[in-house]
Every structure is written in structure tokens, then in C-alpha cells.
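Reading the structure
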Amino acid sequence: MRGKRRQYVFLELAAVLIVVGTFATGFLPSTPFYQVLSGGIIVAGFAVGYAGLGAFELLE
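Just so we're clear, the structure is a prediction, and the values are computed from it rather than from any experiment. (Residues numbered from 1 in each chain as written. Predicted model: local features only at pLDDT ≥ 70, side-chain atom pairs only at ≥ 80, totals over all residues. Heavy atoms only, no water.)

Turning to the overall build of the chain, a few remarks are in order. Scanning the chain from terminus to terminus reveals 2 helices and 0 strands. Burial statistics for the chain: of 60 residues in total, 15% are counted as buried. Within the chain, residue pairs in contact and separated by at least 24 positions form 62% of the contacts whose partners lie at least 6 positions apart. Surface exposure of the chain reaches about 4700 Å², of which carbon and sulfur atoms provide 71%. (Helix = DSSP H or I, 4+ residues; strand = E, 2+ residues; numbered from the N terminus. Buried < 20%, exposed > 50% of the residue type's maximum accessible area, 1.4 Å probe, protein only. Contact = heavy atoms within 4.5 Å. Areas by Shrake-Rupley, 256 points an atom, 1.4 Å probe, with all protein chains shown as cover.)

Attention now goes to the packing of aromatic side chains. Each aromatic ring pair is specified by the distance between its two centres and by the angle formed by the two planes. For the structure on display, the rule yields 2 aromatic pairs. Between Phe-23 and Phe-27, the ring centres sit 6.4 Å apart and the planes meet at 55°, which makes this aromatic pair tilted. Note that Phe-23 and Phe-27 are positioned in helix α1 (residues 2–27) at a spacing of 4 residues, about one turn of the helix. Look at Phe-23 and you get exposed, because its relative accessible area is 54%. Between Phe-33 and Tyr-34, the ring centres sit 5.2 Å apart and the planes meet at 75°, which makes this aromatic pair edge-to-face. The exposure class of Phe-33 is exposed, given its relative accessible area of 57%. Judged by its relative accessible area of 31%, Tyr-34 is partly exposed. (Phe/Tyr/Trp six-rings, centres within 6.5 Å; stacked < 30°, edge-to-face > 60°.)

Below you can see the structure in the form of C-alpha cells.
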């Protein structure tokens, strides 16, 4: 059951990162630094979601 819980936590964190990154593109100034930062948050969300689905093994 521990593996399922970890998967749910990863997927919830991924959803939060994607939503926060999306909102950041609208709230932060439209300078290249902030746009890259918010894009990086979105990409990190997808990477966490990818890890949460067990697509690759994490170091334990």
C-alpha cells in the first residue's frame, strides 16, 4: 500500500506544480526570467507526474 500512497502524493504534487506554474505565467511580470521560471515549474510538474506514474525508477 505504501507504493500506492507514494504514487498519489507524486500525482497530487504534479497537479499542484502545473497549476501554480500556469497561474504564475499570468501573475508574474512578462520578463524572460519570470516566464522561464514559470515554465520550469510547469515542466517540473510534468516530471514529477511522470515519476509518480512509475515510468522510471527513483533511487531509494
